[in-house]
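Examination of the molecular architecture
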Amino acid sequence: MPRLVIKKPVGAEVDLPLVEPSYSLGRAADNHVVLEGSLISRHHGVVRREGDAFVICDLGSHNGIFVNGQRVEQALLRDRDEIRIGNHVLHYYEEEVPTTGTVETVTVEEDYEHVVGQLTIVARPAARETEDAALLRQMQKERRTLALLCDLSRALSTVYSLEEVASKAIQILLETTQAERGAVFLLQDDGQTLQPHTVCERVGPSKPAAQVAISSTVARRILSERKGIITADAGEDPRFAHGESVVLRGLRSIACAPLVGKGGNLGILYLENNRSIGAFTHDDLELLCAVASQVGLSVENAKFFEALRRSNEELEQKVEQRTRELRQAEMKLYQSEKMASLSRLVAGVAHEINNPLGALKANLEVVLVMAARLATGEGRAEKEAKMVEQLLRIGQESVAACTRIMGVVRSLRSFARLDESEFKMANVNDGLAATVQLLDPGVRKRIEVGLSLGEVPSIPCYPALLNEAFMNLLSNSCQAIPQGGKVSIATRREGDDILISFHDTGVGIAREHLPKIFEPGFTTKSRGVGVGLGLPIAFSVIKEHHGSIEVDSEPGQGATFTIRLPIAMERAALPAGS
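This one's a predicted model, so the numbers in the text were calculated from it and none came from an experiment. Every chain is numbered independently, its residues counted from 1 as its sequence is written. Selection of residues for local features in this predicted model requires a pLDDT of at least 70, selection of side-chain atom pairs for listing and counting requires 80 or more, and totals for whole chains, interfaces and linings are taken over all residues. Side-chain calculation: all heavy atoms of the structure are included, whereas hydrogens and water are not.

A closer look at the packing of helix α8 (residues 428–437) against helix α10 (residues 463–479)
Rule in force here: Where helices are involved, their axes are fitted lines through C-alpha atoms of the stretch in contact, as for all axes, and angles between N-to-C directions lie from 0 to 180°. Helix and strand assignments follow DSSP, with helices taken as H or I runs no shorter than four residues and strands as E runs no shorter than two, numbered in order from the N terminus. Under this scheme an angle from 65 to 115 degrees is roughly perpendicular, one under 35 degrees roughly parallel, and one over 145 degrees roughly antiparallel; angles in between are oblique. By definition, turning the near helix anticlockwise from the far helix through less than a right angle yields a left-handed crossing, and turning it clockwise yields a right-handed one. Contacts are assigned to residue pairs that have any heavy atoms within 4.5 Å of one another. Charged residues are taken to be Asp, Glu, Lys and Arg, nonpolar residues to be Ala, Val, Leu, Ile, Met, Phe, Trp, Tyr, Cys and Pro, and polar residues to be all remaining types, Gly included.
Contact pair α8 / α10: the axes reach a minimum separation of 9 Å and the direction vectors enclose 50°. Of the possible angle classes, the one that applies to α8 and α10 is oblique. Viewed along their axes, α8 and α10 form a crossing whose handedness is right-handed. Two secondary-structure elements touch here, α8 through V428, G431, L432, T435 and V436 and α10 through L466, N467, F470, M471 and L474. Here the residues of the contact of α8 with α10 sort into 7 nonpolar, 3 polar and no charged.

Observations concerning the pattern of salt bridges
Filter applied, for reference: By salt bridge we mean one thing: a side-chain nitrogen of Lys or Arg within 4 Å of a carboxyl oxygen of Asp or Glu. Exposure categories follow from relative accessible area, calculated using a 1.4 Å probe and restricted to protein chains: below 20% of the type maximum is buried, above 50% is exposed, and the middle band is partly exposed.
Within this structure, the stated rule accounts for 11 salt bridges. Across the salt bridge formed by R84 and E82, the nearest N and O atoms sit 3.5 Å from each other. Its relative accessible area of 26% is what places R84 among the partly exposed residues. Across the salt bridge formed by R309 and E313, the nearest N and O atoms sit 2.4 Å from each other. A residue pair is termed a helical-turn pair when its members lie 3 or 4 positions apart in one helix, as R309 and E313 do in helix α6 (residues 282–376) at 4 residues. For R309, a relative accessible area of 37% translates into the label partly exposed. Residue classification places E313 among the partly exposed positions, given a relative accessible area of 37%. Connected through shared salt-bridge partners, R492, E494, D497 and R564 make up one network.

Some remarks on the sheet that holds strand β21 (residues 485–494)
Here is the rule: Following DSSP output, two strands are said to pair if at least two bridges run between them.
Ordered by their spatial adjacency, 5 strands build an open sheet running β19-β21-β22-β24-β23, and the pairing between neighbours is mixed. Only two strands of the sheet have a single neighbouring strand rather than two, namely β19 (447–453) and β23 (548–553). Going across the sheet, the axis of each strand differs from the next one's by a mean of 15°, ignoring polarity. Two strands pair when backbone bridges link them, and β21 and strand β22 (residues 497–504) are joined in this way by 8 bridges, in the antiparallel orientation.

Comments concerning the environment of L297
Positionally, L297 belongs in helix α6. Among the residues examined, L297 registers a relative accessible area of 42% and is labelled partly exposed. Along the chain, L297 and L259 lie 38 residues apart, while their C-alpha atoms are 8.2 Å from each other.

Overview of helix α3 (residues 162–176)
Note on helix geometry: an α-helix contains 3.6 residues per turn, so any two residues three or four positions apart are oriented the same way. Spelled out, the test is: Under the convention used throughout, the expected extent of a helix is 1.5 Å for every residue step, that is, one less than its residue count.
Helix length check: α3 (15 residues) gives 22 Å between terminal C-alpha atoms against 21 Å at 1.5 Å per residue, within 8%. Along α3, the positions that sit buried rather than exposed are L162, V165, A166, A169, I170, I172, L173, L174, E175 and T176.

Examining the nonpolar core
Cut-off, in case you're wondering: Side-chain atoms within 4.5 Å link the members of a nonpolar core, which is a set of buried Ala, Val, Leu, Ile, Met, Phe, Trp, Tyr and Cys residues.
Formed by 39 residues in total, the largest nonpolar core has its most connected members in V428, L466, I500, F502, F561 and I563. When residues of this core are traced back to their parent elements, those giving at least two are α8, β20 (459–461), α10, β21, β22, α11 (534–544) and β24 (559–566). In terms of residue count, the dominant contributor to this core is α10 (7 residues). Beyond its immediate stretch of four places on either side in the chain, I563 contacts F470, L473, I498, L499, I500, F502, I542, S548 and I549.

What about the packing of aromatic side chains?
Here is the rule we go by: Only centres within 6.5 Å qualify two rings of Phe, Tyr or Trp (six-membered ring in Trp) as a pair; their planes then separate them into stacked at under 30 degrees, edge-to-face at over 60, and tilted for everything else.
Enumeration according to the criterion identifies 4 aromatic pairs in this entry. Ring plane angle 90° and centroid distance 5.8 Å describe the contact between F185 and Y270, whose orientation is recorded as edge-to-face. Remark: Y270 occurs in strand β17 (residues 264–273) and F185 occurs in strand β12 (residues 181–187); sequence separation between them is 85 residues. Of the two residues examined, F185 and Y270, each falls in the buried class.

Details of the sheet that holds strand β3 (residues 22–26)
The strand order β4-β3-β5-β6-β9 describes an open sheet built from 5 strands, whose pairing is mixed. The sheet terminates laterally at β4 (33–34) and β9 (74–76), the two strands that pair on one side only. As defined by bridge partners, strand β5 (residues 45–50) adjoins strand β6 (residues 53–58) across 6 bridges and the pair is classed as antiparallel. Within the sheet, the bridge partner assigned to G45 lies in β6 and is D58.

Section: the pairing of β24
Sheet analysis places β22 next to β24, joined by 8 bridges and oriented antiparallel. By the bridge assignment for β24, H503 is matched with T560. With 6 bridges connecting them, β23 and β24 associate as antiparallel partners. In the sheet register, D552 faces β24, and the bridge partner there is T560. Following β23, the chain reverses through 5 residues before pairing antiparallel with β24; G556 in that reversal takes a positive phi of roughly 85°.

Digging into the side chain of S41
Going by this rule: Distance and chemistry together define a polar contact, namely a pair of N or O atoms within 3.5 Å, with one atom able to donate a hydrogen and the other to accept it when in protein, and with adjacent residues in sequence counting only for side-chain atoms on both sides.
Looking at the secondary structure, you find S41 in the loop between β4 and β5. Judged by relative accessible area, S41 falls into the buried class, the value being 11%. Reaching out from S41, the side chain makes a polar contact with the backbone nitrogen of H62 at a distance of 3.3 Å. Excluding residues within four positions of it along the chain, S41 makes contact with G26, R27, S61 and H62.

None of the figures reported here should be taken as evidence of function without further support.
Pasting the structure below:
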């Protein structure tokens, strides 16, 4: 005949022949097989006959049913299958239970439960058959309470967040008492205000915003005296009947205990049942106080871990901030060295070119004067007259070339602002004109650069730095145009600001790249075309002048960079050494 052999954590094995069509399993007293323990649901599962075999089904329990180590919802039982329900082990046999050749195995968890069960038994004299039944029931309650506390201790040792600690404790209390709802109230920083941190009901956890409150009278007494309190009917209890929350919410059965840590009061562990009077017993209060003592330490540990987590996040943020500052300092150093190198180069070029170029131009002008006199003389042969005319034309072209070279040198000096390295008043239109003139001639052949410079006043600035920012933006716009196209530069005044816009007809910027274009090192150009510092340098220069730079772009529609610079700005507001 099929049978179940039930091995409980404490006590002898139970041999149950399966003669009925079904057997219910669970913690409630109305089950065919009553299994005790906090891991057992009230109606945990059922074993029922199907034909000549038996199947086991899970009735939606919290901790499940395991057959041969696998959690199942429903399983067909075979000979010698091992079934685990909470701390209980059941063996299914299709024939008689073997009496020899078996080796009993006890897992660490079962052995631990056995020790827990024996703690209460050792503390009292062994019960004799003649002892009062009430004493035996009391011993069973104490053993069950101790087992629940051990379950809670193991559970809390594996969680570190306040939500998990509070939810686990309340769930255990809801399973072992008649409470409808449980809550953990935590003291705020002022040490007086209590706020519901976690609220759980029998149907599951709810948010702290759920309608739950604790009487201020109850809270003050619990926290001041550090005692647990139960009341059969709060509305009739003279200690709490005058409380506003008690009257408004129609509170009845209440059980509360303080949460105490090493540093003092932490909050209150709260249970309520508003459907029945006298739902909680003194045994429930003892269990609540015991749970609260463990939860208090766990809450304190959870707060420590939370503080540690916040400290780690703050440290990571500081590291990121310092890294950004280091990158900005590195970029400024690169910018400073670049401008210094450019200034030295321009100074050498200007000196080496201007002096001989000035002498060459002066000599050519003298030659032109002499050639003009020869060309106007009379009595010359026709051939000689033509040669003089050619000489005059060549001289004029040479003078024009010298004038152009000298203009380029002046533009280069103006761009580098060798004589204007100090903070001073300057007009951005002059800097833009010099920047455009220095653009690579090869680029100007395929790209049209249009200037629409409005009437704008001079502003206090570092002209050399602004010119470098303009050149970086202009170069970026030209590089965005693969073939022919146009770059339009415009300036205008808007209130107390000057607006400078660079618009190109290039390929545009992808949306995912827009937040990164001003980051040092970011570039979408191929190797050798850019290193990702042009736009970050321009951004840094504009920011140091208390301005802003914005970009508007769509893929295939070009891009527009808009610079906004204040007309009035104090030099003291700029960083030292800018």
